[in-house]
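Results of the structural survey
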Amino acid sequence: MDFDRRQVTCPQGETSAGWHGPYPTSSPTAAPLIVARFTKSQCRPCPVRTRCTTTTDSARTVGFPPRELRDLQLRVRAEQQTPEWQARYAVRSGVEGTINELAHGHGMRRCRYRGQRKAHLQHVFTAIAANIERLSRWSPTGETPPSRPPTAFQNFLDQHGIPRPRSWRSARD
(Lines give C-alpha, C1' and ligand atoms only; values in the text may rest on other atoms or scores of the structure.)
Protein backbone atom coordinates (compact mmCIF):
# COMPACT_ATOMS: atom_id res chain seq x y z
CA MET A 1 0.00 0.00 0.00
CA ASP A 2 1.38 3.35 -1.04
CA PHE A 3 -0.64 6.00 0.78
CA ASP A 4 1.22 8.89 -0.86
CA ARG A 5 0.50 7.73 -4.41
CA ARG A 6 -2.92 6.34 -3.37
CA GLN A 7 -2.35 2.93 -4.96
CA VAL A 8 -1.98 -0.72 -4.00
CA THR A 9 0.40 -3.13 -5.70
CA CYS A 10 -0.56 -6.80 -5.88
CA PRO A 11 2.04 -9.59 -5.45
CA GLN A 12 2.12 -9.99 -9.25
CA GLY A 13 3.19 -6.36 -9.73
CA GLU A 14 -0.13 -4.87 -10.90
CA THR A 15 -1.08 -1.49 -9.42
CA SER A 16 -4.65 -0.63 -8.49
CA ALA A 17 -6.68 1.45 -10.90
CA GLY A 18 -8.72 3.26 -8.28
CA TRP A 19 -8.50 4.39 -4.66
CA HIS A 20 -11.66 5.55 -2.95
CA GLY A 21 -12.56 6.61 0.53
CA PRO A 22 -12.22 6.51 3.39
CA TYR A 23 -15.83 5.36 3.56
CA PRO A 24 -17.75 5.04 6.80
CA THR A 25 -18.52 1.40 7.64
CA SER A 26 -21.91 -0.07 8.48
CA SER A 27 -21.04 -0.16 12.18
CA PRO A 28 -20.74 3.12 14.05
CA THR A 29 -17.87 1.74 16.13
CA ALA A 30 -15.85 0.33 13.20
CA ALA A 31 -13.01 2.23 11.57
CA PRO A 32 -13.50 3.92 8.18
CA LEU A 33 -12.37 1.92 5.20
CA ILE A 34 -10.35 2.81 2.09
CA VAL A 35 -11.15 0.72 -0.98
CA ALA A 36 -8.67 0.08 -3.79
CA ARG A 37 -9.93 -1.56 -6.97
CA PHE A 38 -8.19 -3.43 -9.73
CA THR A 39 -9.62 -3.70 -13.26
CA LYS A 40 -10.97 -6.82 -14.92
CA SER A 41 -8.24 -6.59 -17.53
CA GLN A 42 -5.64 -6.76 -14.76
CA CYS A 43 -7.21 -9.66 -12.87
CA ARG A 44 -8.66 -11.99 -15.52
CA PRO A 45 -5.38 -13.04 -17.19
CA CYS A 46 -3.55 -13.37 -13.86
CA PRO A 47 -2.14 -16.91 -13.31
CA VAL A 48 -2.69 -16.77 -9.52
CA ARG A 49 -6.20 -15.30 -9.64
CA THR A 50 -7.74 -18.20 -7.71
CA ARG A 51 -5.46 -17.48 -4.72
CA CYS A 52 -6.30 -13.78 -4.82
CA THR A 53 -10.08 -13.60 -5.30
CA THR A 54 -13.01 -15.99 -5.47
CA THR A 55 -15.10 -13.88 -7.82
CA THR A 56 -15.20 -15.21 -11.38
CA ASP A 57 -16.62 -12.16 -13.11
CA SER A 58 -15.19 -9.02 -11.58
CA ALA A 59 -11.82 -7.82 -10.39
CA ARG A 60 -10.16 -7.78 -7.00
CA THR A 61 -11.15 -5.13 -4.44
CA VAL A 62 -9.00 -4.49 -1.37
CA GLY A 63 -10.28 -2.74 1.76
CA PHE A 64 -8.02 -1.39 4.52
CA PRO A 65 -8.00 1.31 7.20
CA PRO A 66 -6.56 4.82 6.70
CA ARG A 67 -2.81 5.37 7.22
CA GLU A 68 -3.01 6.46 10.88
CA LEU A 69 -5.05 3.42 11.86
CA ARG A 70 -2.90 1.08 9.74
CA ASP A 71 0.29 2.40 11.39
CA LEU A 72 -1.30 1.97 14.83
CA GLN A 73 -2.34 -1.56 13.92
CA LEU A 74 1.19 -2.49 12.83
CA ARG A 75 2.72 -0.94 15.97
CA VAL A 76 0.31 -2.81 18.26
CA ARG A 77 0.92 -6.11 16.45
CA ALA A 78 4.68 -5.65 16.89
CA GLU A 79 4.19 -4.83 20.58
CA GLN A 80 2.16 -8.02 21.04
CA GLN A 81 5.25 -10.06 20.20
CA THR A 82 7.20 -8.73 23.20
CA PRO A 83 7.52 -10.85 26.38
CA GLU A 84 6.27 -7.95 28.53
CA TRP A 85 3.00 -7.69 26.61
CA GLN A 86 2.50 -11.46 26.63
CA ALA A 87 3.02 -11.57 30.40
CA ARG A 88 0.39 -8.85 30.89
CA TYR A 89 -2.00 -10.59 28.52
CA ALA A 90 -1.62 -13.95 30.28
CA VAL A 91 -3.65 -12.57 33.19
CA ARG A 92 -6.39 -11.30 30.90
CA SER A 93 -6.35 -14.56 28.98
CA GLY A 94 -7.11 -16.51 32.15
CA VAL A 95 -10.02 -14.24 33.04
CA GLU A 96 -11.43 -14.44 29.52
CA GLY A 97 -11.12 -18.22 29.61
CA THR A 98 -13.13 -18.35 32.81
CA ILE A 99 -15.82 -16.07 31.40
CA ASN A 100 -15.94 -18.18 28.23
CA GLU A 101 -16.25 -21.36 30.29
CA LEU A 102 -19.15 -19.91 32.27
CA ALA A 103 -20.92 -18.51 29.21
CA HIS A 104 -20.57 -21.50 26.90
CA GLY A 105 -20.10 -24.41 29.27
CA HIS A 106 -22.60 -23.45 31.95
CA GLY A 107 -25.23 -21.42 30.09
CA MET A 108 -24.60 -18.10 31.80
CA ARG A 109 -25.79 -16.06 28.82
CA ARG A 110 -29.40 -16.91 29.66
CA CYS A 111 -30.95 -16.34 33.03
CA ARG A 112 -33.30 -19.12 34.13
CA TYR A 113 -35.09 -16.97 36.69
CA ARG A 114 -36.93 -13.66 36.85
CA GLY A 115 -35.81 -11.00 39.24
CA GLN A 116 -32.40 -9.66 40.16
CA ARG A 117 -32.08 -11.66 43.40
CA LYS A 118 -32.79 -14.98 41.72
CA ALA A 119 -30.50 -14.13 38.82
CA HIS A 120 -27.73 -13.29 41.29
CA LEU A 121 -28.24 -16.64 43.04
CA GLN A 122 -27.99 -18.42 39.70
CA HIS A 123 -24.66 -16.69 39.04
CA VAL A 124 -23.30 -17.51 42.49
CA PHE A 125 -24.35 -21.17 42.34
CA THR A 126 -22.99 -21.57 38.82
CA ALA A 127 -19.64 -20.09 39.89
CA ILE A 128 -19.54 -22.46 42.89
CA ALA A 129 -20.30 -25.41 40.61
CA ALA A 130 -17.56 -24.36 38.16
CA ASN A 131 -15.07 -24.11 41.06
CA ILE A 132 -16.06 -27.56 42.36
CA GLU A 133 -15.65 -28.95 38.85
CA ARG A 134 -12.16 -27.43 38.64
CA LEU A 135 -11.19 -28.73 42.08
CA SER A 136 -12.34 -32.24 41.15
CA ARG A 137 -9.69 -32.28 38.41
CA TRP A 138 -6.86 -31.83 40.92
CA SER A 139 -4.97 -34.99 41.68
CA PRO A 140 -4.53 -36.17 45.29
CA THR A 141 -0.75 -35.77 44.97
CA GLY A 142 -1.12 -32.02 44.55
CA GLU A 143 0.10 -32.08 40.96
CA THR A 144 -1.22 -29.13 38.97
CA PRO A 145 -3.93 -30.27 36.55
CA PRO A 146 -4.00 -29.18 32.93
CA SER A 147 -6.13 -26.12 32.18
CA ARG A 148 -8.50 -28.45 30.33
CA PRO A 149 -8.38 -32.02 29.08
CA PRO A 150 -6.59 -32.42 25.73
CA THR A 151 -8.75 -32.71 22.62
CA ALA A 152 -8.78 -35.78 20.38
CA PHE A 153 -6.61 -33.87 17.89
CA GLN A 154 -4.05 -33.01 20.58
CA ASN A 155 -3.98 -36.67 21.68
CA PHE A 156 -3.40 -37.68 18.05
CA LEU A 157 -0.44 -35.30 17.79
CA ASP A 158 1.01 -36.67 21.04
CA GLN A 159 0.60 -40.31 19.98
CA HIS A 160 2.39 -39.69 16.69
CA GLY A 161 5.22 -37.66 18.20
CA ILE A 162 4.21 -34.45 16.47
CA PRO A 163 5.09 -31.46 18.67
CA ARG A 164 2.18 -29.21 19.58
CA PRO A 165 2.51 -25.43 19.59
CA ARG A 166 3.40 -24.11 23.06
CA SER A 167 -0.05 -22.56 23.51
CA TRP A 168 -1.66 -26.02 23.16
CA ARG A 169 0.43 -27.78 25.78
CA SER A 170 -1.02 -28.50 29.15
CA ALA A 171 0.56 -27.32 32.37
CA ARG A 172 2.10 -30.79 32.84
CA ASP A 173 4.16 -30.67 29.60
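The following paragraphs examine the structure supplied in this document. No experiment lies behind these values; they were computed from the predicted model shown. (Residues numbered from 1 in each chain as written. Predicted model: local features only at pLDDT ≥ 70, side-chain atom pairs only at ≥ 80, totals over all residues. Heavy atoms only, no water.)

**Details of helix H5 (residues 116-136)**
- Over its 21 residues, H5 extends 30 Å from the first C-alpha to the last, a length consistent with the 30 Å expected when each residue adds 1.5 Å.
- Every buried residue of H5 is listed here: Ala119, Gln122, Thr126 and Ala130. Along the long axis of H5, the arc covered by the buried residues comes to 65 degrees, so they all point the same way. Across from the buried face of H5, at angles greater than 90 degrees, the exposed residues are Arg117, His120, Phe125, Ile132, Leu135 and Ser136.
- Residues of H5 that are buried make contact with helix H4 (83-105). (Helix = DSSP H or I, 4+ residues; strand = E, 2+ residues; numbered from the N terminus. Expected span 1.5 Å × (residues − 1). Buried < 20%, exposed > 50% of the residue type's maximum accessible area, 1.4 Å probe, protein only. Arc of directions from axis to C-beta. Contact = heavy atoms within 4.5 Å.)

**Brief notes about the sheet that holds strand E1 (residues 18-23)**
- Strand order in this open sheet of 3 strands is E1-E2-E3, and the pairing throughout is antiparallel. Both edges of this open sheet fall to E1 and strand E3 (61-64), since each of them pairs with a single strand only. On average, adjacent strands in this sheet sit at an angle of 20 degrees to one another, irrespective of strand direction.
- Bridge count between strand E2 (residues 33-37) and E3: 4 bridges; the pairing is antiparallel. Following the sheet pairing, Arg37 is matched in E3 by Thr61. (Pairing = 2+ DSSP bridges. Axes fitted to C-alpha atoms, helices over the stretch in contact; angles between N-to-C directions.)

**Examining the environment of Cys43**
- With respect to the secondary-structure elements, Cys43 resides in helix H1 (residues 40-43).
- Among the residues examined, Cys43 registers a relative accessible area of 10% and is labelled buried.
- Between the C-alpha atom of Cys43 and that of Ile162, which follows or precedes it by 119 residues, the distance is 40 Å.
- Excluding residues that lie within four positions of it along the chain, Cys43 makes contacts with Phe38, Arg49, Ala59 and Arg60.

**Some details on a nonpolar patch on the surface**
- Side chains of Leu121, Val124, Phe125, Ile128 and Ile132 sit close together on the surface and give an oily, nonpolar patch of about 450 Å² of accessible area.
- Looking at the element boundaries, Phe125 is found in helix H5.
- On the accessibility criterion, Phe125 (53% relative accessible area) is exposed. (Patch = residues over 30% accessible without salt bridge, like charges linked within 9 Å, V, L, I, M, F, W, Y side chains within 5 Å. Areas by Shrake-Rupley, 256 points an atom, 1.4 Å probe, with all protein chains shown as cover. Salt bridge = Lys/Arg side-chain N within 4 Å of Asp/Glu carboxyl O.)

**Quick look at the packing of H4 against H5**
- At their nearest, the axes of H4 and H5 sit 11 Å apart, and the two run at 110 degrees to each other. If you check the angle between H4 and H5, you find them roughly perpendicular. By crossing handedness, the relation of H4 to H5 is classed as right-handed. In this structure, H4 uses Thr98, Glu101 and Leu102 to contact H5, whose residues at the interface are Thr126, Ala130, Glu133 and Arg134.
- Residue classes in the contact of H4 with H5 are distributed as 2 nonpolar, 2 polar and 3 charged. (Parallel < 35°, antiparallel > 145°, perpendicular 65-115°, else oblique. Left-handed = near helix turned anticlockwise from the far one by under 90°. Nonpolar A, V, L, I, M, F, W, Y, C, P; charged D, E, K, R; others polar.)

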